[in-house]
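Results of the structural survey
Read off the chains here:
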Amino acid sequence: MEREQALLIVKRQLTEQRYEHTLGVVETAVKLAKRYGADVKKAELAAIFHDYAKFRPVDEMKQLILAHNMPNDLLAYNSELWHAPVGAYLVQTEAGIDDPDVLDAIRYHTSGRAGMTLLEKTIYLADYIEPGRKFPGVEEVRRLAEEDLNRALLQAVQNTITFLLGKRQLIYPDTIHMYNSLVREVKGEMER
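Residues numbered from 1 in each chain as written. Predicted model: local features only at pLDDT ≥ 70, side-chain atom pairs only at ≥ 80, totals over all residues. Heavy atoms only, no water.

**Focus: the UniProt feature "domain: HD" (unreviewed entry) in the chain**
The sites that UniProt annotates as "domain: HD" (unreviewed entry) are residues 18–132. Between the C-alpha atoms that bound residues 18–132 there is a distance of 10 Å. The span itself is 63% helix and 0% strand. (UniProt positions renumbered as here; feature names shortened; annotations may be inferred. Helix = DSSP H or I, 4+ residues; strand = E, 2+ residues; numbered from the N terminus.)

Shown next as structure tokens:
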């Protein structure tokens, strides 16, 4: 699917503000993909569609999770996580994108997971550091993203976990697994 066609499809699903966020994620994902060697076309496509289901009603997302073999444990956690796996499903069924790499990058852009692929890491980080984001710690992650993808991701997920702990919110297990996996990767890189 070409960029302009994908953007037209996505624009109908998003608010103007979220569409601007999406354009920032696309720009950032392409830069990161070029810098770290991810597939640029797949990064662009996954970034365009990453928030496709963001504004679907919670009840609709819940029904899709239950009906389509998505992890049911998601329902015990904040519904902000749901749009990623639901989005991957809807991007496949409604937009006709069936590349498993692109769909997994969409699926894990909110929770992360252990052993993320380069493309998944690219989309997760691009969503976190796109130019429109303004929150404590984002500048440090942007700086790290210029130097080391895994260290930037580790700082991003550490910031997220710290934020959730401060609000006494549940932390989805895949996010903890992502953190642990990245600690191992970064330590392994430092020992080389």
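**Quick look at unusual backbone geometry**
Most of the time, phi is negative for any residue but glycine, and the peptide bond is trans. In this structure, Asn-69 is a non-glycine residue whose phi angle is positive, near 60°. Residue Asn-69 is classed as exposed on the basis of its relative accessible area, which comes to 77%. Notably, Arg-168 is not glycine yet its phi reads approximately 55°, a positive angle. Note that Arg-168 resides in the loop between helix H9 (149–166) and helix H10 (173–191). On the basis of relative accessible area, Arg-168 is assigned to the exposed category, the value being 81%. (Buried < 20%, exposed > 50% of the residue type's maximum accessible area, 1.4 Å probe, protein only.)

**A short note on the nonpolar core**
Counting 62 residues, the largest nonpolar core has Phe-49, Val-86, Ile-123, Leu-125 and Ile-129 as its most contacted members. Beyond its immediate chain neighbours, meaning those up to four positions away, Phe-49 contacts Met-1, Ala-6, Ile-9, Val-10, Val-91, Ala-95, Ile-97 and Ile-106. (Core = buried A, V, L, I, M, F, W, Y, C linked by side-chain atoms within 4.5 Å. Contact = heavy atoms within 4.5 Å.)

**Description of the packing of aromatic side chains**
Applying the stated rule across the entire model yields 3 aromatic pairs. Centroid distance Phe-49 to Tyr-52: 5.8 Å. Interplanar angle 55°. Geometry classified as tilted. Here Phe-49 matches Tyr-52 in class, with each residue buried. Ring centres 5.0 Å apart and planes at 80° place the aromatic pair Tyr-128 and Phe-135 in the edge-to-face group. A relative accessible area of 31% means that Phe-135 is categorised as partly exposed. (Phe/Tyr/Trp six-rings, centres within 6.5 Å; stacked < 30°, edge-to-face > 60°.)

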